Amino acid sequence: MTTMTASPDPVASHSTYPPTQIDLGIGGMTCASCVTRVEKALRKQAGVSDATVNLATESARVTLMGVDEAESLARIKRAVRDAGYEPRSMDATVNADNTHVMGVPPDLWPVLIGALLSAPLVLPMVGDLLGQHWMLPAWIQFLLATPVQFVLGARFYRAGWHALKARTGNMELLVAIGTTAGWALSTWLWWRAADGETPHLYYEASAVVITLVLLGKWLEARAKRQTTSAIRALHALRPERAHLLPDGVRRTELTDVAVDELLPGDLIRVLPGERFAADGTVVQGHTQADESMLTGEAMPVPKDEGDHVTGGSLNGEGSVDVRVRAIGAQSVLAHIIGLVQDAQAGKAPVQRMVDAVAAVFVPVVLGIALVTLLGWLWAGAPMEAALLHAVAVLVIACPCALGLATPAAIMAGTGVAAKHGILIKDAQALEIAHKVDTVAFDKTGTLTEGHPRLLTIEAAAGVDEMAVLRVAAALQAQSAHPLARAVLEAATSRAVVVEANAATDVQSVSGRGSQGAVKGALLALGSLRWMDELGAPLGPLDARAKALQAEGATVSVLASQMPGDASVIPTWAPLALFAFGDEPKAGAAEALADLRAQGMRLFMVSGDNQGAALAMAQRLGFRADHGEVIAEVLPGDKAAVVRRLRTAAAGERSHAVAMVGDGVNDAPALAAADVGMAMSHSQGASADVAMHAAGITLMRGDPMLVAAALDISRRTVRKIRQNLFWAFFYNVAGIPLAALGFLSPVVAGAAMALSSVSVVSNALLLKRWKPPRR
């Protein structure tokens, strides 16, 4: 009798473990074929829904669905090791070993030893050029070449063997087969030579090829470390210790603790010249903070009591006490590092085509080498010459350049952009941004200062101006809206006393205003449009409202509900008009003119009334007669506006639209655009929502960064295309030349090493980029 056991419910199991992402360092990858093999190995693991491997960062990002993370991590590491590579922690990948042996980096020693052993083998070739014909004895050549072939070249055999076991190929397999053929041919010629005969041997070809490939790999690794400098620089901003102030209970004196021990709510002291240990709020003291790591702006920012500070920024000359608000993964610095790592870990859409080529590259090259060998033998060439031409084909083929072309450029581009306050969320946003031909701007906070001031109050007949300001301030006391803050600032400046909790049942009506009860009276404060919906006629205030709008003011109305029969629709009576004004940001008009000069279509999308929007648009340089001003747009309708801007006229291509916004109400439009750009000039929840919805985050509220983000995107995509062209051109031109006998194995090895280094070096030119300055 068989006992039946119920299998676990897959749905329940799936719901037990939420989707998670694992970042893992991988050592030993050298070419695009390695990337393909590791990705295949990872995707075969249970619970892995996706895996992306990056050759330039030597890392993998694995997405898990419905499985235990700890157990899956162990299986993933085992899969990487079984594929022939070394799993590493990301910390080990970021914090590379900088130790030196006798003043020389450890990874350079194999190159130097290979050069010392290969140099005597090359000297006879140099002598031939000078008319001096001589050759080392065969046994000396054998003793010099064999350690290079099988000791220094052991890495090629190991990686090639793992590739064969996986029924695939890689660069190491090509090098191992090619150089072994040259070494074996020389050994065979030496073995069959008669006594006293000095045969022409080819040990120097194999030894020099291995040495050159090792040199190329060292130069490539050195260049790749430079592309990851942005991540290392961000990690270096984290201080290790913090000065924890006494709490009067468990601690009675200042204590130095590790930053990892800090908790939200802790009070820490930051001394002059130190870095802030965590995000927080200044509770005592005054200073200036260098936030260039966050915003790219070199000018120090004044910090007074109540101001926010960011962990990793540099304190100026003042000593301040800071209340910790966010630590670890919740900090702004961790968020920036995460965004940069996300961008560098992802693959650009063009990389899929490269991966498809790399998957068949090595088998095709092996086939071409075999055809080359047979073709030269058929043409009557001796075995030695035919084999050398086949070796040249194997050695010159370079899948490394293909694998590095895209990620190296993306890493350099996103790294230098982050340095200047432009955080690019993923490679797809980077690649799409260069196609943008239309830019739509939110008005308030994006093109304007976002700090409107209450310009005037126009009270209805018989209504006291200070009284309406008092009840309006009570109604707006808990709101974070810019207009609400303007009302509160006006009440404070006029010494209006607002009772605590004077307003009850306060509700915010999206895109319209807020309503609540103050001392039993039901009040509503909001836009003219909302008043029209409520059926509140302005009466004598109507003409004044239109005049204020014509002057560019944003007009809100404070109305009270009239008492009456509850069974009929309530009526509202206006009490006063509130006129608000805002100023355009410095350089906003210049930034828009720069974008227009680049051929961009520009639009301003605003929730303000038509008059206020048109007045601000005129100051900024928008052309209202060309339909560039779209006013009275509710937050929920901004996404529809973006989709409409994407639509092109008949016969034209659809437009690529970038939306630039700064708040939570812009999030749907940012997500709907081809590329969303969030201006993070604050650290509140509103900015966080916008940043998550956007593909690009501008870390300071400078409209000039919009053009800069599009510029670095175009330059990065240009580098990707240049790298791919040279990688393909190199292989398309080099392999036929080697097959036809125009390139020796030594020249082919040098060319292969040069190809990878040139691709990474070309990408590193992006590190010289700087955003345009006013």
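Residues numbered from 1 in each chain as written. Predicted model: local features only at pLDDT ≥ 70, side-chain atom pairs only at ≥ 80, totals over all residues. Heavy atoms only, no water.

Draft legend 1. Geometry of the overall build of the protein. A tally of regular secondary structure across the protein gives 27 helices and 26 strands. Residue burial in the protein is summarised as follows: out of 774 residues, 50% are buried. As displayed, the protein has an accessible area near 35800 Å², and 58% of this comes from carbon and sulfur atoms. (Helix = DSSP H or I, 4+ residues; strand = E, 2+ residues; numbered from the N terminus. Buried < 20%, exposed > 50% of the residue type's maximum accessible area, 1.4 Å probe, protein only. Areas by Shrake-Rupley, 256 points an atom, 1.4 Å probe, with all protein chains shown as cover.)

Draft legend 2. Molecular detail of the sheet that holds strand S12 (residues 314–315). Pairing is antiparallel in the open sheet, where three strands are placed in the order S10-S9-S12. Sheet topology places strand S10 (301–303) and S12 at the edges, where each strand pairs with a single neighbour. Here strand S9 (residues 287–290) pairs with S10 via three bridges, running antiparallel. Of the residues in S10, the one forming a bridge with Ala289 is Val301. (Pairing = 2+ DSSP bridges.)

Draft legend 3. Local environment of the environment of Asp608. With respect to the helices and strands, Asp608 occurs in the loop between strand S22 (601–605) and helix H22 (610–620). C-alpha separation for the pair Asp608 and Arg529, spaced 79 residues apart in sequence, amounts to 9.8 Å.

Draft legend 4. Inspection of the packing of aromatic side chains at higher detail. With the rule as written, the count across this model stands at eight aromatic pairs. Look at Phe142 and Tyr203: their rings are 6.2 Å apart centre to centre, the planes differ by 75°, and that puts the pair in the edge-to-face class. Within this pair, whereas Phe142 is found in helix H6 (residues 138–152), its partner Tyr203 is found in helix H9 (residues 203–227), the two being separated by 61 residues in sequence. A relative accessible area of 23% places Phe142 in the partly exposed class. When the ring of Phe725 is compared with that of Phe729, the centres are 5.7 Å apart and the planes differ by 15°; the resulting orientation is stacked. On the criterion of helical spacing, the pair formed by Phe725 and Phe729 is a turn pair, its members being four residues apart in helix H26 (residues 704–739). For Phe725, a relative accessible area of 47% gives the class partly exposed. Here a set of aromatic residues connected by ring pairs shows up, and it is made of Phe142, Phe150, Tyr157, Trp183, Trp190 and Tyr203. (Phe/Tyr/Trp six-rings, centres within 6.5 Å; stacked < 30°, edge-to-face > 60°.)

Draft legend 5. Summary view of the packing of helix H14 (residues 383–396) against H26. One way to put it is that H14 packs onto H26 with a least axis distance of 8 Å and a crossing angle of 170°. Of the possible angle classes, the one that applies to H14 and H26 is roughly antiparallel. When the axes of H14 and H26 are compared, the crossing they make is right-handed. Across the interface between the two elements, His389, Ala392, Val393 and Ile396 from H14 touch Tyr730, Asn731, Gly734, Ile735, Ala738 and Ala739 from H26. A per-class count over the contact of H14 with H26 returns seven nonpolar, three polar and no charged. (Axes fitted to C-alpha atoms, helices over the stretch in contact; angles between N-to-C directions. Parallel < 35°, antiparallel > 145°, perpendicular 65-115°, else oblique. Left-handed = near helix turned anticlockwise from the far one by under 90°. Contact = heavy atoms within 4.5 Å. Nonpolar A, V, L, I, M, F, W, Y, C, P; charged D, E, K, R; others polar.)

Draft legend 6. Layout of helix H20 (residues 541–550). For H20, every residue scored as buried is listed here: Leu541, Ala545, Leu548 and Gln549. Across the axial projection of H20, the buried residues extend over an arc of 100°, all falling on one side. More than 90 degrees from the buried face of H20, the exposed residues found are Ala543, Lys546 and Ala550. For H20, the secondary structure elements touched by its buried residues are strand S16 (453–459), helix H19 (528–534), strand S20 (554–561), strand S21 (572–581) and H22. Gly552 lies just past H20 and shows a positive phi near 100°. (Arc of directions from axis to C-beta.)

Draft legend 7. Summary view of unusual backbone geometry. Of note, the phi angle at Asp505 is positive, near 55°, even though the residue is not glycine. Considering the arrangement of structural elements, one finds Asp505 in strand S17 (residues 503–509). Even without a glycine there, the phi angle at Glu632 is positive, about 55°. Positionally, Glu632 belongs in the loop between strand S23 (629–630) and helix H23 (638–646).

Draft legend 8. A look at the sheet that holds strand S19 (residues 521–527). Strand order in the open sheet formed by six strands is S16-S21-S20-S19-S18-S17, with antiparallel pairing between adjacent strands. The open sheet has two free edges, formed respectively by S16 and S17, since each of these has just one partner strand. Within this sheet the neighbouring strands show an average axis-to-axis angle of 20°, counted without direction. By the bridge criterion, five bridges tie S17 to strand S18 (residues 513–518) in an arrangement that is antiparallel. Of the residues in S18, the one forming a bridge with Ser508 is Ser514.

Draft legend 9. Quick peek at the environment of Gln45. Relative to the assigned elements, Gln45 resides in the loop between helix H2 (32–43) and strand S2 (48–54). Under the relative-accessibility criterion, Gln45 is labelled partly exposed at 23%. Spatially, the C-alpha atoms of Gln45 and Ser72 are 8.3 Å apart, while their sequence positions differ by 27 residues. Among all residues touching Gln45, those that are not within four sequence positions of it are Arg75 and Ala79.

Draft legend 10. Layout of the nonpolar core. Membership of the largest hydrophobic core comes to 129 residues, with the highest contact counts inside it found for Ile422, Val439, Phe441, Phe622 and Met677. The greatest single-element share of this core, amounting to 14 residues, is contributed by H26. Excluding residues that lie within four positions of it along the chain, Met677 makes contacts with Ala658, Met659, Val660, Gly661, Leu670, Ala694, Ile696, Leu698, Val706, Ala709 and Leu710. (Core = buried A, V, L, I, M, F, W, Y, C linked by side-chain atoms within 4.5 Å.)

Draft legend 11. Highlighting helix H3 (residues 69–82). Between the first and last C-alpha of H3 there are 20 Å, a value that for 14 residues agrees with the 20 Å anticipated at 1.5 Å per step. Of the residues making up H3, those classed as buried are Ser72, Ile76, Ala79 and Val80. Along H3, the residues classed as buried sweep out an arc of 100° about the axis, all on the same side. Set apart from the buried face of H3 by more than 90 degrees, the exposed residues are Ala70, Arg78 and Asp82. Residues of H3 that are buried in the fold lie against strand S1 (20–27), H2, S2, strand S3 (59–64) and strand S4 (86–88). Gly84 lies just past H3 and shows a positive phi near 100°. (Expected span 1.5 Å × (residues − 1).)

Draft legend 12. Seen up close, the confidence of the model for the protein. On average, residues of the protein score 81 in pLDDT, and 85% of them are at 70 or above. Scored below 50 in pLDDT, residues 1–15 makes three contacts in the model with residues more than four places away or belonging to other chains. Note that residues 682–686 has pLDDT below 50 and, in this model, eleven contacts with residues that lie over four places away or in other chains. (pLDDT = per-residue confidence, 0-100.)

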